[in-house]
Amino acid sequence: MELRSVEELMDLLYACRGVRDLPARAAAAADLHDRALRTAALLRRRRPADKELQVAGLVLAVGRLLRPGDATGGAERAAGAVRSLLGERVHELVRAAPCERAAADDALLALRQADEEARTDALDGGVLEDWRTVLELLAGHHARSGAVD
């Protein structure tokens with residue numbers, strides 16, 4: 001599935017409400033919607049200028065919804081779904097996040113750490129609508145750059 005608009009992405013992110021993380025991945029199953037918001041909020045605090053990294057944290061969990069019941073390949077599905085909308089860097093961050101063997105730069109390490117903390121952290125991640133403008137800016141920037149990466 002390829003997301004073609006910020007509206008489609010927002011709908012998918014809203015659909016994460018009530019969907020629980022796999023118990024094998026977390027001691028207490030976390031709501032994917034809340035985890036996505038917490039991950040993005042942690043990254044916003046730590047790397048306020050890196051909008052692509054923040055958005056990667058926001059969309060990391062959507063792969064589970066793209067093929068319900070299939071616990072494998074969620075990050076790959078999420079990365080593929082947002083690639084044409086949000087660009088190559090977001091795609092690469094999301095795709096590589098769960099792969100511990102992948103060479104990790106500072107941004108990827110920050111993403112992994114925030115995602116792990118967001119599984120258990122009681123931080124209030126805010127509301128999804130607060131991210132619409134950032135998503136629109138990134139999508140617009142990617143579209144203006146000719147979608148050539």
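Residues numbered from 1 in each chain as written. Predicted model: local features only at pLDDT ≥ 70, side-chain atom pairs only at ≥ 80, totals over all residues. Heavy atoms only, no water.

(A) How the structure looks around the environment of leucine 93. You can see leucine 93 is positioned in helix α6 (residues 88-96). For the pair leucine 93 and arginine 112, spaced 19 residues apart in sequence, the C-alpha separation works out to 9.5 Å. (Helix = DSSP H or I, 4+ residues; strand = E, 2+ residues; numbered from the N terminus.)

(B) Here's a closer look at the packing of helix α2 (residues 32-46) against helix α7 (residues 106-120). Across the interface, α2 lies against α7 with an axial gap of 8 Å and an inter-helix angle of 130 degrees. As judged from the angle between their axes, α2 and α7 are oblique. Between α2 and α7 lies a crossing whose hand is right-handed. Residues Arg35, Arg38, Thr39, Leu42, Leu43 and Arg46 of α2 form the contact with α7, whose participating residues are Ala110, Leu111, Gln113, Ala114, Asp115, Glu117, Ala118 and Arg119. Grouping the constituent residues of the contact of α2 with α7 by class yields 6 nonpolar, 2 polar and 6 charged. (Axes fitted to C-alpha atoms, helices over the stretch in contact; angles between N-to-C directions. Parallel < 35°, antiparallel > 145°, perpendicular 65-115°, else oblique. Left-handed = near helix turned anticlockwise from the far one by under 90°. Contact = heavy atoms within 4.5 Å. Nonpolar A, V, L, I, M, F, W, Y, C, P; charged D, E, K, R; others polar.)

(C) The pattern of salt bridges, seen in detail. All chains considered together, the criterion is met by 12 salt bridges. The shortest N-O distance in the salt bridge between glutamate 117 and arginine 46 comes to 2.5 Å. Pair noted here: glutamate 117 is in helix α7 and arginine 46 is in helix α2, with a separation of 71 residues, a long-range link. Look at arginine 46 and you get partly exposed, because its relative accessible area is 37%. Salt-bridge contacts for glutamate 52 lead to arginine 89; the nearest nitrogen and oxygen are separated by 3.2 Å. (Salt bridge = Lys/Arg side-chain N within 4 Å of Asp/Glu carboxyl O. Buried < 20%, exposed > 50% of the residue type's maximum accessible area, 1.4 Å probe, protein only.)

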